[in-house]
Amino acid sequence: MQLKLTEEKVFKDPVHNYVHVKDPIIWQLINTPEFQRLRRIRQLGTSYLTFHGAEHSRFSHSLGVYEITRKIISQFERSGYTDWPTEEKLVALCAALLHDVGHGPFSHSIEEAFDMNHEEWTCKIIMGDTEIGAILRTVAPDFPEKIASVIEKTYDKPIVVNLVSSPLDADRMDYLLRDAYYTGVNYGTIDLDRILRMLRPYHGRVVVKDSGMHAVEDYLMARYQMYWQVYFHPVTRSSEIILRQIFRRAKELVQSEYSFGFMLPSLLSLIKGNITVQEYLRIDESIIQTAFNQWTEEKDELLRELCTRFLDRKLYKYVEVDLMSADEITEMTNAFREAGLNPEYDLEIDFPSDLPYDVFRPDDEDSQKQIIIIDKQERLRDISEVSEIVRSISGIQRGKYHLYFPQEKVRTVLGQLPPQIAKIFS
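Please read all numbers here as calculations on a predicted model, not as lab measurements.

(A) Spatial organisation of the sheet that holds strand 11 (residues 401-405). In space, the 3 strands of this open sheet follow the order 5-11-6, with antiparallel pairing throughout. A strand with exactly one partner marks an edge of an open sheet, and here the two such strands are strand 5 (317-321) and strand 6 (348-350). Looking at each pair of strands side by side, their axes are set apart by 25° on average, direction ignored. Where strand 6 and strand 11 come together, 3 bridges link them in antiparallel fashion. Bridge pairing links Ile 349 to Leu 403 in strand 11.

Have a look at this one:
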């Protein structure tokens with residue numbers, strides 16, 4: 001039998017005003033070391049180097065996702081919808097709260113550098129020998145596995161997965177609002193209350209009442225704008241490139257048995273690819289930045305330079321170019337090498353792409369990828385079938401090529417580059 005909180009706990013939140021906690025399990029999970037670690041991991045990785053206000057954490061985002069999920073479920077219960085399985089409430093709330101607990105420092109950059117997946121780490125933490133796992137097992141021995149299956153999108157109640165992971169889920173709604181607030185942009189502002197009022201549980205999934213379509217259109221447009229104006233901002237991409245290069249160089253040095261002047265055991269395990277859950281939980285952004293600070297005095301010149309660039313915000317410059325062929329890329333790479341540069345580190349070609357909304361395809365059996373509109377006759381249609389706005393932004397959206405390079409280095413060798421290539425960088 002679970003104990004009840006003597007009083008409701010609240011967190012003051014700049015996005016949702018208050019985050020309400022009534023269940024003791026949720027309160028206990030928030031106070032675990034594994035969840036508190038999220039305070040030390042920024043939500044937007046290196047975006048603080050572009051938008052100085054983007055210092056918010058995975059901790060605050062996770063609370064926000066929990067709060068939106070709680071509001072949706074409360075609305076379902078108040079309205080008496082029979083399609084909502086009330087016994088799944090705690091599963092949904094725990095999954096919403098814990099969905100990002102496996103994120104590492106500088107999240108997506110470190111995942112790419114070390115071929116990791118934060119959802120896999122989330123499941124390891126939930127099901128492992130952790131305080132989170134122990135608390136979840138007080139509900140039922142198999143409760144951690146239930147939460148993990150929601151994260152993995154394999155849970156046998158798709159409507160629960162819908163709340164946490166779908167094109168219109170609590171995760172996306174919170175990060176759009178929160179990231180817009182902390183970066184200071186207006187693109188991510190959406191009518192959250194209107195969207196939540198228009199959500200309905202229907203035959204095992206979440207659908208949107210047709211009168212709420214325009215609010216959802218606004219949400220998808222906000223997502224589209226946030227990706228191109230914030231998440232794919234070229235200055236942020238530059239900092240991410242340098243961050244990945246630091247990890248790549250550290251990995252090369254470890255493989256060559258280089259003797260580091262400074263190295264933490266948990267960081268070494270991460271670089272070697274044999275890190276345990278307990279070691280992983282000791283790594284946060286303060287640890288990584290401490291290592292970078294120490295590495296500015298390493299004997300290896302390249303590692304020293306990259307860490308100094310990152311910490312002092314001496315980022316790579318960039319130029320936009322049109323579509324490049326494989327032969328043109330090879331020609332440019334060879335020209336850099338012949339001029340005495342290291343194209344593996346002195347030239348990075350970035351080509352961001354995004355999928356704002358994946359339109360309905362008759363041969364796609366995964367209907368959970370769609371936002372479904374329900375009308376008064378209970379007819380169901382994908383939003384792209386009824387919205388011209390959504391159709392206009394659907395499908396893969398690609399940006400231009402960006403070439404990133406250390407400007408001061410490239411300037412010294414411009415005369416040694418072929419004229420057509422030197423022109424790009426001059």
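(B) Looking closely at unusual backbone geometry. A positive phi angle, close to 50°, is found at Phe 106, a residue other than glycine. Structurally, Phe 106 is set in the loop between helix 4 (89-98) and helix 5 (107-114). The backbone of Asp 115 shows a phi angle near 50°, a positive value even though the residue is not glycine. Here Asp 115 is to be found in the loop between helix 5 and helix 6 (118-127). With relative accessibility at 75%, the residue Asp 115 sits in the exposed group.

(C) Region of interest: the nonpolar core. Met 173 and Trp 295 are the most contacted members of the largest nonpolar core, which totals 118 residues. Top contributing element to this core by residue count: helix 12 (residues 213-231), with 10 residues. In contact with Trp 295, other than residues within four places in its own chain, are Ile 246, Ala 250, Phe 260, Phe 262, Met 263, Leu 267, Ile 271, Leu 303, Arg 304 and Cys 307. If you look at the next biggest cluster of nonpolar residues, it comprises 18 residues, including Met 324, Met 332, Ala 335 and Ile 421.

Rules and cut-offs
Residues numbered from 1 in each chain as written. Predicted model: local features only at pLDDT ≥ 70, side-chain atom pairs only at ≥ 80, totals over all residues. Heavy atoms only, no water. Pairing = 2+ DSSP bridges. Helix = DSSP H or I, 4+ residues; strand = E, 2+ residues; numbered from the N terminus. Axes fitted to C-alpha atoms, helices over the stretch in contact; angles between N-to-C directions. Buried < 20%, exposed > 50% of the residue type's maximum accessible area, 1.4 Å probe, protein only. Core = buried A, V, L, I, M, F, W, Y, C linked by side-chain atoms within 4.5 Å. Contact = heavy atoms within 4.5 Å.

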